[in-house]
Amino acid sequence: MAKRLEGTDLFEPGCIYELQVCVDGEWYAFYVGETTNTDRRLAEHQWAAKNATEASTLVYRTIKHQFEPAGCEWRMMPVHAYGAEGPEDAEDEHIMMLLRQGVTLTNEKKGNAAWMTQRVAEAQDMVQRNITSYRKYREVITQEQADAKHREWLKDNTRALPDDFYESMAERAHRLAEKAREKIARADRQAAAVAEHRAKQIAEYEKENDNDAV
């Protein structure tokens with residue numbers, strides 16, 4: 001789990017990792033996680049797999065009841081390190097990249113039994129749409145859903161609307177477009193300011209660490 005450094009918007013360095021199993025001399029990913037301490041996290045996985053029960057999550061049941069009886073070796077492999085900027089969407093992006101490649105994962109989300117089924121369907125849809133960023137895919141889907149709701153509303157309400165409603169639609173659309181452009185410009189300015197502030201914090205943080213190391 002990503003850990004924010006107290007009093008800052010920076011994070012303790014960590015990594016995204018895969019749990020991989022060796023089958024016929026080849027290593028295959030079967031789980032994706034994130035940690036700030038690989039040794040501790042691997043020990044936690046090993047303990048949970050050894051003591052797995054029917055109530056345990058799928059990854060540990062798979063290790064105990066499938067991999068270990070078959071004599072399959074498994075390991076933790078860091079695949080993406082992050083620094084003070086934090087993991088952002090790296091874990092989700094890596095999961096979706098593997099799913100788009102057809103890799104079977106044992107990741108679950110507590111309280112949502114259909115979580116992986118939904119992710120697999122999304123990965124297949126991303127392939128069909130030729131979208132490689134999960135963040136971009138979510139933005140596209142959100143916009144499509146909003147457009148569909150708007151079309152449905154117009155379909156249900158067209159006959160009930162007065163004639164002058166349509167006359168004002170163009171003007172209203174223009175005002176909304178102007179506000180949208182202003183919002184985007186404001187967000188860009190804010191993002192630039194945040195990036196500049198974060199860069200300064202990272203530089204100061206790294207400088208302090210260098211001094212401590214000396």
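This report concerns the structure included in the present document. Within each chain, residue numbers correspond to sequence positions counted from 1 in written order. Note on the predicted model: pLDDT of at least 70 is required for a residue's local features to be given, and 80 or more for side-chain atom pairs to be given and counted; whole-chain, interface and lining totals, by contrast, use all residues. As a rule here, side-chain values come from all non-hydrogen atoms in the structure, and water together with hydrogens is ignored.

### So, the pairing of strand β2 (residues 26–35)
Now for step 1: Relative accessibility under 20% of the residue-type maximum defines a buried residue, over 50% an exposed one, and the middle range a partly exposed one, all with a 1.4 Å probe and only protein chains included. A helix here means a DSSP run of H or I that spans at least four residues, while a strand means a run of E at least two residues long, and both kinds are numbered starting from the N terminus. Burial analysis of β2 places seven of its ten residues in the buried class, which makes it a mostly covered element.
Now for step 2: Two elements, strand β1 (residues 14–23) and β2, share nine bridges in a ladder whose sense is antiparallel. Its bridge partner lying in β2, Y17 is registered against G33.
Now for step 3: Note on pairing: DSSP must find at least two bridges between two strands before they are called paired. Where β1 folds back on β2, the antiparallel hairpin that results is connected by two residues, among which D24 adopts a positive phi of roughly 55°.

### Description of the side chain of R119
Now for step 1: Topologically, R119 is positioned in helix α4 (residues 115–129).
Now for step 2: The buried category is assigned to R119, whose relative accessible area is 11%.
Now for step 3: Here a polar contact is taken to be a pair of N or O atoms separated by no more than 3.5 Å, where protein atoms must pair a possible hydrogen donor with a possible acceptor and residues adjacent in sequence count only if both atoms sit in side chains. Polar side-chain contacts of R119 include one of 2.8 Å to the side chain of E122.
Now for step 4: If near-sequence neighbours (up to four positions away) are discounted, R119 is found in contact with M96, L99 and Y134. Any two residues having at least one pair of non-hydrogen atoms within 4.5 Å are treated as being in contact.

### Overview of the packing of aromatic side chains
Now for step 1: Any Phe, Tyr or Trp ring, taking Trp's six-membered ring, that has another such ring centre within 6.5 Å forms a pair; planes under 30 degrees apart are called stacked, those over 60 apart edge-to-face, and the others tilted. Summed over all chains, the structure comprises three aromatic pairs.
Now for step 2: Summarising the aromatic geometry, the rings of Y17 and Y31 are spaced 6.5 Å apart at their centres and angled 40° between planes, so their arrangement reads as tilted. Of the two residues, Y17 is situated in strand β1 and Y31 in strand β2; the sequence distance between them amounts to 14 residues. The burial state of Y17 is the same as that of Y31; both residues are buried.
Now for step 3: With centroids separated by 6.4 Å and ring planes inclined at 15°, the aromatic side chains of Y134 and Y137 adopt a geometry described as stacked.

### Details of the layout of surface pockets
Now for step 1: Whether a set of points on the 1 Å grid over the protein atoms alone is a cavity depends on a 1.4 Å probe fitting there but being unable to get out, while an open set qualifies as a pocket with protein on both sides within 12 Å along at least five of seven lines; lining residues are those with an atom within 4 Å of a point. Grid points are joined across faces, edges and corners, and a volume is the space filled by probe spheres set on the points. Taken as a whole, the largest pocket holds about 720 Å³ of empty space.
Now for step 2: Together, 25 residues line the largest pocket, and Y31, R41, E91, N107 and E108 are the ones closest to its centre.
Now for step 3: Put simply, the parts of the chain that give the lining of the largest pocket at least two residues each are β2, α1 (38–50), α2 (58–67) and α3 (90–100).
Now for step 4: For the lining of the largest pocket, a count of residues per class yields eleven nonpolar, five polar and nine charged. Each residue is assigned to one class: nonpolar for Ala, Val, Leu, Ile, Met, Phe, Trp, Tyr, Cys and Pro, charged for Asp, Glu, Lys and Arg, and polar for all the others, Gly among them.

### With respect to the environment of W27
Now for step 1: Structurally, the position occupied by W27 is in strand β2.
Now for step 2: It is 8.3 Å that separates the C-alpha atoms of W27 and W74, two residues lying 47 residues apart in sequence.
Now for step 3: Ignoring sequence-local partners within four residues, the contact set of W27 consists of Q20, V21, C22, E73, W74 and R75.

### Some thoughts on the sheet that holds strand β3 (residues 74–82)
Now for step 1: Strands sit in the order β2-β1-β3 across an open sheet of three strands; the sheet is antiparallel. Each edge of the sheet is formed by a strand with only one pairing partner; in this case those strands are β2 and β3. On average, each strand axis in the sheet is inclined to that of its neighbour by 30°, with strand direction left out of account.
Now for step 2: Angles here are taken between N-to-C directions and fall from 0 to 180 degrees, while the axes themselves are lines fitted to C-alpha atoms, restricted in helices to the stretch in contact. Packed on one face of the sheet, α1 meets β1, β2 and β3 and runs near 145° to β3.
Now for step 3: Along the sheet face, α2 touches β1, β2 and β3 and points at about 155° away from the line of β2.

Remember, this is a structural readout, not a statement about activity or role.
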